[in-house]
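Below are the chains, spelled out letter by letter.
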Amino acid sequence: LDGIFDTGWQKVETLLSEERMTLEFGFRNPELQTLEESESTNLESIEAKVQRAKLIDLVVQLGSQPVVMVAELQIESPDKTLIALQLHPAEEAPYLPPGIELSVLEASGEVVMEAQARQADNCIQLQFAGKPGEQFQVRINIDSTQYIEDFVI
């Protein structure tokens, strides 16, 4: 997984304090696996995992709204990669702006899953699995401002 992140992605510790780093993504989420897969896969034997963060400055009506997107990729098998995405407030803001959305879109543009921050959320998160070569987009949306990042597993 070395070197697969584009320019702008940094080590998580560079953008988030230890207090904000809640990177225990918990890939044991049963929605990510079928029963058959969970019986034959030992998640403790995962050999490859990488985490990176990116500062995103959303320009909204009342000024700038910086947030930090964290991505974690974990290879479970040659055919399955686990992906976890988190959105955190940047700098000294204690919470994400209420209503900010984090969405995963298929290559066709169809929304597959999304999370929306409430009044006092300091993080929102999405988890899913994919196959090598699959393409998807991550969209961050607040008010009329939208940021989209393209990914290939």
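Each value, and the rule that gives it
Along each chain, residues carry numbers from 1 onward, in the same order as the chain's sequence is written. Given that this is a predicted model, residues contribute local features only at a pLDDT of at least 70 and side-chain atom pairs are listed and counted only at 80 or more, while totals for whole chains, interfaces and linings are drawn from all residues. Only hydrogens and water are set aside when side-chain values are computed; all heavy atoms of the structure are taken into account. Numbering goes from the N terminus for both helices and strands, where a helix is a DSSP run of H or I of at least four residues and a strand is a run of E of at least two. Note on classification: 1.4 Å probe, protein chains only; a residue is buried when its accessible area is under 20% of the maximum for its type, exposed when over 50%, partly exposed between these limits. By definition, residues are in contact when any of their heavy atoms lie within 4.5 Å. Pairing between two strands requires that DSSP report at least two bridges joining them. Only the contacting stretch of a helix is used when fitting its axis, a line to C-alpha atoms as for every element, and angles between N-to-C directions run 0 to 180 degrees.

1. Some details on the environment of R118
Tracing the sequence through the fold places R118 in the loop between β5 (111-116) and β6 (124-130). By relative accessible area, R118 is classed as exposed at 59%. Along the chain, R118 and G99 lie 19 residues apart, while their C-alpha atoms are 6.2 Å from each other. Excluding anything up to four places from it in sequence, R118 contacts L96 and P98.

2. Digging into the sheet that holds β5
The antiparallel open sheet is built from four strands, whose spatial order is β5-β4-β7-β8. Strand pairing shows two members of the sheet lacking a second neighbour, β5 and β8 (145-152), which therefore form its edges. Taking each pair of neighbouring strands and ignoring which way they run, the sheet shows an average axis angle of 15°. In the sheet, strand β4 (residues 101-106) pairs with strand β7 (residues 135-142) via six bridges, with the strands oriented antiparallel.

3. A few points about the pairing of strand β3 (residues 80-89)
For β3, the tally of buried residues reaches ten of ten residues, placing the bulk of the element in the interior. Judged by which residues are buried, β3 turns out to be covered on both faces: K80, L82, A84, Q86 and H88 on one side and T81, I83, L85, L87 and P89 on the other are all buried. Across ten bridges, the pairing between strand β2 (residues 63-77) and β3 is antiparallel. Within the sheet, the bridge partner assigned to V68 lies in β3 and is H88. Counting the residues in the hairpin turn of β2 and β3 gives two residues. As judged from the seven bridges shared by β3 and β6, these two strands associate in the antiparallel manner.

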